[in-house]
Amino acid sequence: MDCGAGAGIQPYLKACAARGVYCSIVITVVTTQNTLGVQVRDDVIRYRYGDEQHLEEALKRIFHYQVHIHKPFDFDFIGGSFHPSIFRVYASSTQSVSQSLQTSSKSRKQRMWYLCVFYHRLLDYRKPEFESLADLFGAFDDDPSSSHTLEWKLPQHHHPDSPFHFVNLPNEDIARNIANRSILVKGLYEIWGEGSSYEELKEAINSYPDDRKLPYLTSDSTFRIIVDSFGKAISFKDQTDRIQGMSYIPFKGRVELRNPEHKFWLIETDDYEAKNGLPPVVDKTIFFGREVGAADRKLLPTYQLKSRTYLGPTAMDAEVAFLMANQAQAMPGKLVYDPFVGTGSILVAAAHFGAMTMGADIDIRVVRDGRGPDCNVWSNFKQYGLQMPISLLRADNNLPPWRPGLKEVFDAIICDPPYGVRAGGRKSGGRKLLKGVVGPYTVPDDKRTGHIPSTAAYCLAECVHDLLDLAAKMLVMGGRLVYFYPVLRDSDSLDVDFPNHPCFKLVASCEQMLSYRYSRILLTMVKIAPYTDEIAEAARIQHLEFKENHVKWMEEGNLHAAVFSPDFPAIDERHNKCSTKDPKKKYRGKYV
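Residues numbered from 1 in each chain as written. Predicted model: local features only at pLDDT ≥ 70, side-chain atom pairs only at ≥ 80, totals over all residues. Heavy atoms only, no water.

### Some details on the overall build of the chain
Secondary structure summary: the chain contains 20 helices and 24 strands in total. The buried share of the chain, reckoned over its 592 residues, is 48%. (Helix = DSSP H or I, 4+ residues; strand = E, 2+ residues; numbered from the N terminus. Buried < 20%, exposed > 50% of the residue type's maximum accessible area, 1.4 Å probe, protein only.)

### What to know about the packing of helix 5 (residues 126-136) against helix 11 (residues 318-327)
Orientation of helix 5 relative to helix 11, taken along the N-to-C sense of each, is 45°, at an axis distance of 8 Å. When the interaxial angle is binned, helix 5 and helix 11 end up oblique. Judged by the twist between their axes, the crossing of helix 5 over helix 11 is left-handed. Side by side, helix 5 and helix 11 meet where Pro128, Glu129, Ser132 and Leu133 of the first sit next to Leu323, Asn326 and Gln327 of the second. In terms of residue class, the contact of helix 5 with helix 11 is made up of three nonpolar, three polar and one charged. (Axes fitted to C-alpha atoms, helices over the stretch in contact; angles between N-to-C directions. Parallel < 35°, antiparallel > 145°, perpendicular 65-115°, else oblique. Left-handed = near helix turned anticlockwise from the far one by under 90°. Contact = heavy atoms within 4.5 Å. Nonpolar A, V, L, I, M, F, W, Y, C, P; charged D, E, K, R; others polar.)

### Observations regarding unusual backbone geometry
Despite not being glycine, leucine 122 has its phi angle at roughly 45°, a positive value. Its place among the elements puts leucine 122 in the loop between strand 8 (112-118) and helix 5. Even without a glycine there, the phi angle at glutamine 329 is positive, about 60°. As for its placement among the helices and strands, glutamine 329 is situated in the loop between helix 11 and strand 16 (335-338). Exposure remark for glutamine 329: the relative accessible area of 8% places this residue in the buried category.

### Details of the sheet that holds strand 22 (residues 475-488)
Judged by pairing direction, the sheet is mixed, and its seven strands sit side by side in the order 18-17-16-19-22-24-23 without closing on themselves. Two strands in the sheet have a free side with no partner beyond their single neighbour: strand 18 (391-394) and strand 23 (504-513). In this sheet, neighbouring strand axes are inclined to one another by 20° on average, regardless of whether the strands run parallel or antiparallel. Here strand 16 runs beside strand 19 (residues 410-415); their pairing, made up of two bridges, is parallel. (Pairing = 2+ DSSP bridges.)

### Here we look at the sheet that holds strand 8
Strand order in the open sheet formed by eight strands is 9-10-8-11-15-14-12-13, and the pairing between neighbours is mixed. A single partner strand is all that each edge strand has here, and the edge strands are strand 9 (152-153) and strand 13 (254-255). Relative to strand 10 (residues 164-169), strand 9 runs antiparallel, the two being bridged by two bridges. Pairing of tryptophan 152 across the sheet is with valine 167, part of strand 10. The strands that helix 6 (residues 172-181) touches are strand 8, strand 10, strand 11 (185-195) and strand 15 (285-294); relative to strand 15, the one it contacts most, it runs at about 90°. Each of strand 11, strand 14 (262-269) and strand 15 touches helix 7 (residues 198-207); the most contacted strand, strand 11, lies at about 90° to it.

### Some thoughts on the pattern of salt bridges
The tally for this structure, following the rule as stated, stands at 20 salt bridges. For aspartate 228, the salt bridge identified is with lysine 186, shortest N-O distance 2.6 Å. With aspartate 228 in strand 12 (residues 222-230) and lysine 186 in strand 11, this residue pair connects regions lying 42 residues apart in the sequence. With a closest N to O distance of 2.6 Å, arginine 290 and glutamate 190 form a salt bridge. Separated by 100 residues along the polypeptide, arginine 290 in strand 15 and glutamate 190 in strand 11 bring together distant segments of the chain. Across the pair, exposure class does not vary: arginine 290 and glutamate 190 are buried alike. Salt bridges here are not isolated pairs; linked through shared partners, they connect Glu172, Asp173, Arg176, Glu190, Arg212 and Arg290. (Salt bridge = Lys/Arg side-chain N within 4 Å of Asp/Glu carboxyl O.)

Listed below in structure tokens is the structure:
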């Protein structure tokens with residue numbers, strides 16, 4: 001323990017963290033050192049006695065430490081600093097204090113608009129994933145009463161499905177964290193100028209404030225300019241000409257192509273007139289800006305299914321699994337559960353982000369045996385060097401294995417329930433047992449080894465009800481339930497009543513078009529109320545109403561027949577007529 005840390009707080013905490021031990025420091029005033037002197041941190045000193053929770057949050061934002069306040073004496077704000085009474089900060093470091101203070105000092109700026117460039121796929125998923133990550137990284141901490149939605153703007157003349165969107169974020173650190181983790185964000189940029197021609201672009205860049213540009217144009221920095229486009233290809237010669245045309249920007253640093261300190265992007269959107277399957281653009285737009293953050297392009301190739309050790313017929317695509325993990329806000333310290341784990345594709349994605357994982361499946365051969373000792377669910381985690389699951393259970397979602405009274409264990413539940421297209425749902429019992437032909441029985445001891453329990457069909461309506469009931473009991477407050485829900489499409493519009501529960505609030509629904517006949521919706525729900533007997537009864541009544549009013553295929557398991565039946569004229573005929581009228585590629589919207 002250091003009773004008078006002063007400026008020594010940085011080396012002390014760094015030394016303790018390097019040795020993996022905890023330390024305590026006495027702080028009487030929190031300051032930030034810079035070249036001009038010492039600045040008192042206003043966001044800390046404004047908290048008064050009796051408001052220790054907010055003080056802890058402020059210190060966490062500054063130090064990026066796990067902070068615990070111990071206050072044996074009173075303290076108050078007196079004359080520009082804290083009264084010299086004792087309070088301690090117990091810290092286990094994930095980032096050095098000096099680096100944290102430097103980063104915090106640089107990034108505590110006024111909210112800014114950034115250009116977000118998405119990959120042009122899974123259009124419904126783009127903003128919900130972005131906003132989930134924004135919530136994870138603290139974009140709404142300054143306004144806890146907000147609706148946890150960001151402010152978005154479209155560039156002029158752009159289609160709503162355009163990959164280009166302006167988004168308002170609190171600071172650059174949050175923007176960088178979102179871009180670096182997101183699956184569908186190609187990059188986030190601080191735009192220095194935009195225009196419909198290079199003359200307009202030059203005028204816009206020259207009028208951009210110098211105090212925003214000059215820190216990145218210094219002689220001791222390295223930089224690179226990258227030319228990109230959407231809707232057309234630009235030859236290498238044209239790219240070179242465009243880069244040379246940016247000579248009016250007073251770059252003083254050295255060009256570095258491999259690992260520059262600053263990357264600048266010149267991005268063009270095509271003013272194409274012909275139909276080419278992309279969102280229509282009325283007028284040409286040129287953007288120039290500094291890269292704030294970019295996606296990890298090696299992530300999906302590393303985890304692609306074709307290189308996975310153990311696969312099953314319903315293994316979740318790597319890209320969608322990572323999107324589900326982002327929607328669930330998987331991170332170190334959180335426990336994620338998948339009640340339909342299968343070959344573990346979803347848990348692999350959650351484990352990549354540092355979460356502890358746990359799964360269950362009704363088929364004991366999947367969770368116990370796989371295809372041998374070197375080809376099973378465990379080998380998938382070993383393949384990528386990930387933390388092994390805490391446990392894999394043989395369990396039935398219809399008859400959960402948890403002891404009575406156990407509640408609020410998991411931080412997130414992520415799953416893809418069986419809905420009968422590639423695999424149907426099963427529950428314990430068998431047909432004879434469920435019909436009452438035979439009574440419950442106990443497996444003899446000499447037959448337990450290798451015994452596979454009998455199962456019966458498990459309709460989707462019952463499966464979803466059981467899943468919501470499980471999540472209401474086992475999720476912590478604020479925990480997230482992320483799961484897929486199938487729908488049949490008999491028109492271009494989608495009007496579906498999703499399952500609901502009194503404990504949950506639906507925060508996102510993202511449609512993935514699987515064919516012209518059906519799609520699946522990724523539902524993200526947040527737990528907002530504790531589980532009680534009264535809520536359980538209200539949920540049971542809601543389920544009965546939902547089960548009674550829902551379409552017939554849901555209850556009788558006819559989704560597979562509806563999807564693959566050749567008798568589906570409503571969509572097939574319309575599609576054939578459209579394809580014969582105009583052979584040119586049309587914008588396909590959410591079908592990308």
